[in-house]
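Survey of secondary and tertiary structure
Each chain is listed here by its residues.
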Amino acid sequence: LMFGLVACGIKVPPRAPNWQPHDAADPDATACRGGDKDACFAAGKAWTSRTPGPPDDVFAATMYEKGCKLGHAGSCYEVGQLILSSFPPNGPYEVGVGRLNFVVAVMERGCELGDLDSCMYALRLRDPRSPAAGLINRRKELDMARRACELGYGSACKTANMSR
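Here we summarise the structure given alongside this text. (Residues numbered from 1 in each chain as written. Predicted model: local features only at pLDDT ≥ 70, side-chain atom pairs only at ≥ 80, totals over all residues. Heavy atoms only, no water.)

1. Let's talk about the state of the cysteines
Where we set the bar: Any cysteine sulfur atom paired with another within 2.5 Å is treated as part of a disulfide. Any residue under 20% of the maximum accessible area for its type is buried, any over 50% is exposed, and the rest in between are partly exposed; the area is computed with a 1.4 Å probe on protein chains only.
A complete count under the given rule lists four disulfides for this structure. The residue that forms a disulfide with Cys32 is Cys40, at a sulfur-sulfur distance of 2.1 Å. When the S-S torsion is 95 degrees, as for the bridge of Cys32 with Cys40, the disulfide is right-handed. For Cys32, a relative accessible area of 0% corresponds to the buried category. A sulfur-sulfur distance of 2.1 Å marks the disulfide that ties Cys111 to Cys119. Here the S-S torsion is close to 95 degrees, and the disulfide linking Cys111 with Cys119 is therefore right-handed. Across the pair, exposure class does not vary: Cys111 and Cys119 are buried alike. Cysteine pairing for the protein (bonded cysteines numbered in sequence order): 1-2, 3-4, 5-6, 7-8.

Here you go:
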């Protein structure tokens, strides 16, 4: 599975890769850069709710995305949610299919890694009324429903033809 902010047509503003100011202020950002997936999640949380100081959702999304790539399930959910909820259509991320493909990819990855919220969100994206409905194939939907059922999401068991 290859996903990324650039690979899926989502462009990060030029300031996002600038780690230095963030590293100086947050040891978790430094540890994330070194490959610590839990630190990536912690840095993402810190930068979305910084006090004192302004939050930096673009940098937080970068931290969450790296955590997701490294295998932190919660980071996958958080980056997908952050991109859908925090960035206006004409904001730092492009809108459209590229953005939705990225969100679907990270939610699927989070589900595969065992994050129930990711499974549930990915299944909601499959809803025919969702703009992402056509982006999840039926086999993936069944895989996610099975995983969600295994993780305790009872209504997914019906979709997966499983009993709990």
